[in-house]
Amino acid sequence: MAKDPVCGMIVNEKSGLSSDFGGKKFYFCSPTCQKTFTEPEKELSRMKKRIYVATSGALALAIIRGALYLGVAAGAITVSWVPFPEIPFLSYGLLLFIIVTPVQFIGGWTFYVGAFHAILKKTANMDLLISIGTLTAYIYSTVVLFFPDAIPGDEKFVYFEVSAVIIAFVLLGKYMEEAIKKKSSSAVKKLLDLSPPMARVVRDSSEIEIPSNQIKLDDIMIVKPGEKIPTDGVIISGESSIDEKMITGESLPVGKKPGDQVIGATVNKQGLLQIKASKVGKETALSQIVHVVEQAQSSTAKVQRMADSIAAKFVPSVVSAAVVTFLLWYFVMGDFIAGMLAFVAVMIIACPCALGVATPAALMVGVGKGAESGILIRGAEYLERSQKINTIVFDKTGTITKGEPDVTDIVSLNELTERQILEYGGTVESGSEHPIAQAIVNKVKEMKIPLIAPDEFESLNGLGVRGIVHGKKIYDGNRQMMKQFSIDASLAEQNMERLESEGKTAIMVAIDDKIEGIIAVADSLKETSQMAIMALTDLGIESIMITGDNEKTAKAIAQKVGIEKIIANVLPADKAKEIKKLQDQGKFVAMVGDGINDAPALAQADIGIAIGSGSDIAKETGGIILIRDDLMDVSRAIRLSRATMKKIKQNLFWAFAYNSGGIPIAALGLLNPIFAAAAMALSSISVIANSSLLRRYKITSGEEKLMKNYQSQQQKLERAKL
């Protein structure tokens, strides 16, 4: 069995009513729901026309009924079912029949089609409830009008307006639902609208303009300053800064040069660029993000599956309750009219429309809200699991740290200045491709120290590098290197131990067989790592760091960010085993990693949270994907998930309470069918409106206080250093 994505009813997958969308098959209870899903704009337009017919008829009936009441009150008119004396050739009932019939069969047509298909499939849906209720009132009134002797009793009244007003209310409610849902689900449309409609490409040595969706792999695109990049690609000519905020959330433009990758839909701020298309169509970062959002918005949580299960049994139960209500009123109380009205009221008030949209409405808004902020939630089950998280395991390299070494310390042991030590050390390192060497060279460039080519250069694997600069023999390396070349390193030992205890890699710089200084390199922390751990602690979540590094380095990094527990010396293949050990201890674990090397651990965790660029979205195994390289998004994703689940539970509670509480009131004859229709429509609208309140949710809620605490801690650390 599957769930209709429009009305939320359980349907038989063998029914034949299905459509493929976003690589997934969806099943429908009726052609109406199918059209609403596949052609939302057209169906909304058709619904508008049906509403005009229904509301016009209902309004006309209200005017006539009002005039009738005024006439009776003035004593000018006496009315039963008999002809209305002030209108020649037409009876009052016949006038109502003429007005209501178009409402009944034009306005209510979609309900009857849906009900017919439900009967064919031996199932029950909301269309069936509405159809039975409105047709009961209409057919009874028609019989009273044309065959009055067929109905027992002396006083007979027509209830055409009950049927018409119910149809008008339900249609109006459904239209408002769809309009609010359309507004709430605008995240995907916003994402799609980011892409430029046209692109300028080079073909046959000439520049032409084509629709962006016609770009082929390896096409050369020309992008001028201020224009959007049509699709993912690699710069082959030109330099510029690219505004990637709409994809990555980064506020500052990113500098780009030939060889750098660019993302489609981002904005070229400065120079003229030639870009070779590397990904087109469904493979682009934007398309993959849209696909993830669409899948998540149409997914089903455990709490919704429970609602679906109840709803599947609910409709037949309601029909039975309505029939029993009528029979009791007619045979026990002897009141056919009261029985019929109670029957109609029960059928209408019990329509589980609100129940059907309770979860999808909140899910759509919550997932859309996350997508706008660079947080992709893959499905409803991850929303549900998030409220149980009590432990988060962070990979160290590339997650808590930048994954790129930086020079952190320059120590002079003799008379040379720090600048001179960096100049000698950097000059020799310029001949190496090692990441540590590149970090030192980058620091030299940052300090605008001129680099010259060494007269001689040699790289010694696992030891360091050496060369000759200005006639001086320069050695950059570790203890083993100094020992191999008989250089006394005892003067540097104390500083070496201090730097290594801080988790840094220390490189000694020797000039002409004498140690002159030390350059320390470390994988630096991301700017938001410490604050992110504080935010999780504030949520009552324990943070653990896992790494393949030695325990000393791991402790140094963990201490800086405020993590107390570490798991060190772990091979990538064994990270999943460590996650399993934590789960065996009864912990509900989320794993945060880069989504590639950490894939087994992400899959093992109760929730995998993958940090990575949009271009790698399809490869991620995480249930939650953070497009931006910002660890604060971990706590934001959890808070958003919890807020969305809270809305879902609120919606389900009120939907169940409404239906459960309304049925006995209607069965007792205390609820006019017209008011039942109005209440039923309003219940669905209220559920959608309650879900829409999520749009006001601040993704950064509570972070101002955290920032103050963080700044206070930083100031204390600075004072302690002094």
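Residues numbered from 1 in each chain as written. Predicted model: local features only at pLDDT ≥ 70, side-chain atom pairs only at ≥ 80, totals over all residues. Heavy atoms only, no water.

A few points about the overall build of the protein chain
Next, step 1: If you tally the helices and strands in the protein chain, you get 25 helices and 26 strands.
Next, step 2: A buried classification covers 52% of the 722 residues belonging to the protein chain.
Next, step 3: Sequence-distant contacts in the protein chain: of pairs separated by 6 or more residues, those separated by 24 or more amount to 67%. (Helix = DSSP H or I, 4+ residues; strand = E, 2+ residues; numbered from the N terminus. Buried < 20%, exposed > 50% of the residue type's maximum accessible area, 1.4 Å probe, protein only. Contact = heavy atoms within 4.5 Å.)

Comments concerning the sheet that holds strand β24 (residues 589–593)
Strand pairs in the sheet, formed through backbone hydrogen bonds, run parallel or antiparallel to each other.
Next, step 1: Read from one edge to the other, the open sheet built from seven strands follows the order β14-β26-β25-β24-β15-β22-β23, with strand pairing classed as mixed. Edge positions in the sheet fall to β14 (375–377) and β23 (565–567), since each of these pairs with one other strand and no more. Neighbour to neighbour, the strand axes of the sheet diverge by 20 degrees on average, direction disregarded.
Next, step 2: With three bridges joining them, strand β25 (residues 607–611) and strand β26 (residues 624–626) adopt parallel strand pairing. Following the sheet pairing, Ala610 is matched in β26 by Ile625.
Next, step 3: Packing against the sheet, helix α20 (residues 551–561) makes contact with β22 (542–546) and β23, and its axis sits at approximately 145 degrees to β23. (Pairing = 2+ DSSP bridges. Axes fitted to C-alpha atoms, helices over the stretch in contact; angles between N-to-C directions.)

Topic: the sheet that holds strand β19 (residues 472–477)
Next, step 1: Strands sit in the order β16-β21-β20-β19-β18-β17 across an open sheet of six strands; the sheet is antiparallel. In this open sheet, the two strands that pair with only one neighbour each are β16 (401–412) and β17 (456–460). Adjacent strand axes in the sheet meet at a mean angle of 20 degrees, parallel and antiparallel pairs treated alike.
Next, step 2: Its contacts with the sheet place helix α15 (residues 418–429) against β16, β17, β18 (464–469), β19, β20 (505–511) and β21 (514–525), and it is angled at close to 105 degrees to β18.

Considerations on the pattern of salt bridges
Between side chains of opposite charge, pairing is possible as soon as their charged atoms come close.
Next, step 1: One pass over the full model with this rule turns up 18 salt bridges.
Next, step 2: Note that Lys443 is salt-bridged to Glu446, the shortest N-O span being 3.5 Å. Of this pair, Lys443 and Glu446 both sit in helix α16 (residues 435–446), three residues apart, which is roughly one turn of the helix.
Next, step 3: Connected via shared salt-bridge partners are Arg200, Glu207 and Glu227. (Salt bridge = Lys/Arg side-chain N within 4 Å of Asp/Glu carboxyl O.)

With respect to the pairing of β17
Side-chain positions along a regular strand alternate between the two faces of the sheet.
Next, step 1: Two elements, β17 and β18, share five bridges in a ladder whose sense is antiparallel. Considered in β18, the bridge of Ser459 is made with Val465.
Next, step 2: What sits between the antiparallel neighbours β17 and β18 is a turn of three residues, in which Gly462 has the positive phi angle 80 degrees.

Overview of a nonpolar patch on the surface
Next, step 1: A cluster of nonpolar side chains, Val323, Val324, Leu327, Leu328, Tyr330, Phe331, Val332 and Met333, forms an exposed patch at the surface whose accessible area comes to about 760 Å².
Next, step 2: Note that Phe331 resides in helix α10 (residues 302–332). (Patch = residues over 30% accessible without salt bridge, like charges linked within 9 Å, V, L, I, M, F, W, Y side chains within 5 Å. Areas by Shrake-Rupley, 256 points an atom, 1.4 Å probe, with all protein chains shown as cover.)

Thoughts on the packing of aromatic side chains
Next, step 1: Across all of its chains, the model carries nine aromatic pairs by this definition.
Next, step 2: For the ring pair Phe105 and Tyr112, a centre distance of 6.1 Å and an interplane angle of 50 degrees mean the geometry is tilted.
Next, step 3: Note on Phe105: relative accessible area 37%, which makes it partly exposed.
Next, step 4: Here Tyr112 falls in the buried class, since its relative accessible area comes to 13%.
Next, step 5: Pairing Tyr330 with Phe331 gives two aromatic rings, centres 4.9 Å apart and planes at 65 degrees, and the pair type is edge-to-face.
Next, step 6: The exposure class assigned to Tyr330 is partly exposed, which follows from its relative accessible area of 30%.
Next, step 7: Among the aromatic residues, those joined into a ring-pair cluster are Phe97, Phe105, Tyr112, Tyr138 and Phe146. (Phe/Tyr/Trp six-rings, centres within 6.5 Å; stacked < 30°, edge-to-face > 60°.)

Re the pairing of strand β15 (residues 391–395)
Next, step 1: When you tally the buried positions in β15, you get five out of five residues, the bulk of the element.
Next, step 2: Alternating positions in β15 separate into two faces, Thr391, Val393 and Asp395 on one and Ile392 and Phe394 on the other, with burial throughout.
Next, step 3: Relative to β22, β15 runs parallel, the two being bridged by five bridges. When the bridges of β22 are listed, Val393 appears paired with Ile544.
Next, step 4: Sheet topology places β15 next to β24; four bridges connect them, and they run parallel. Along β24, the bridge assignment pairs Thr391 with Val589.

Remarks on the packing of α15 against α16
Next, step 1: Orientation of α15 relative to α16, taken along the N-to-C sense of each, is 130 degrees, at an axis distance of 9 Å. The angle between α15 and α16 falls in the class oblique. When the axes of α15 and α16 are compared, the crossing they make is left-handed. The segment α15 lies against α16, with Leu422, Gly425, Gly426 and Glu429 engaging Ala437, Ile440, Val441, Lys443 and Val444. (Parallel < 35°, antiparallel > 145°, perpendicular 65-115°, else oblique. Left-handed = near helix turned anticlockwise from the far one by under 90°.)

Quick word on the side chain of Glu516
Next, step 1: Position of Glu516 among the secondary structure elements: in strand β21.
Next, step 2: In this structure Glu516 is buried but unpaired, with Lys514 as the nearest side chain of opposite charge at 4.4 Å.
Next, step 3: Side chain to side chain, Glu516 and Asn414 meet in a polar contact 3.2 Å long.
Next, step 4: What Glu516 contacts, discounting residues up to four positions off in sequence, is Val411, Ser412, Leu413, Asn414, Glu415, Leu416, Ile421, Val509, Ala510 and Ile511. (Lys, Arg positive; Asp, Glu negative; His and termini not counted. Polar contact = N/O pair within 3.5 Å; in protein donor to acceptor, adjacent residues only side chain to side chain.)

Focus: the packing of helix α3 (residues 92–107) against helix α4 (residues 109–120)
Next, step 1: Contact geometry for α3 and α4: axes closest at 5 Å, N-to-C directions at 45 degrees. Classed by the angle they form, the pair α3 and α4 counts as oblique. Here Gln104, Phe105, Ile106 and Gly107 of α3 come into contact with α4, specifically with Trp109, Thr110, Phe111 and Tyr112.

Observations concerning the side chain of Gln583
Next, step 1: In this fold, Gln583 is placed in helix α21 (residues 575–584).
Next, step 2: By relative accessible area, which is 18% here, Gln583 ends up buried.
Next, step 3: Engagement of the side chain of Gln583 in a polar contact is seen with the side chain of Asp606, the distance being 3.3 Å.
Next, step 4: Apart from the residues within four sequence positions on either side, Gln583 is in contact with Val589, Gln604, Ala605 and Asp606.

Examining unusual backbone geometry
Next, step 1: Backbone geometry places Asp218, a non-glycine residue, at a positive phi of 75 degrees.
Next, step 2: One non-glycine residue, Asn569, lies in the positive phi region at around 55 degrees.
Next, step 3: Take Asn569: it is sitting in the loop between β23 and α21.
Next, step 4: On the basis of relative accessible area, Asn569 is assigned to the exposed category, the value being 53%.

Looking at the nonpolar core
Side chains that are nonpolar tend, in soluble globular proteins, to be buried together.
Next, step 1: Membership of the largest hydrophobic core comes to 52 residues, with the highest contact counts inside it found for Ile392, Phe394 and Val634.
Next, step 2: By residue number, the principal contributor to this core is helix α23 (residues 632–667), which donates nine residues.
Next, step 3: The residues that make up this core include at least three from each of domain 2 (361–400 + 526–638) and domain 4 (643–721).
Next, step 4: Ranked by size, the runner-up nonpolar core spans 47 residues in total, among them Ala54, Ile130, Ile348 and Ile349. (Core = buried A, V, L, I, M, F, W, Y, C linked by side-chain atoms within 4.5 Å. Domains from an automatic or database assignment.)

Quick look at the confidence of the model for the protein chain
Next, step 1: Here the protein chain averages 78 in pLDDT, while 78% of its residues score no lower than 70.
Next, step 2: Confidence over residues 78–90 falls short of pLDDT 50; this stretch has 18 contacts with residues more than four positions distant or in other chains. (pLDDT = per-residue confidence, 0-100.)

Considering the environment of Phe97
Next, step 1: Tracing the backbone shows Phe97 in helix α3.
Next, step 2: Through-space distance from the C-alpha of Phe97 to that of Tyr138 is 8.8 Å; in sequence the pair is 41 residues apart.
Next, step 3: Apart from the residues lying within four places of it in its own chain, the contact partners of Phe97 are Tyr138, Thr142, Leu145, Phe146 and Phe160.

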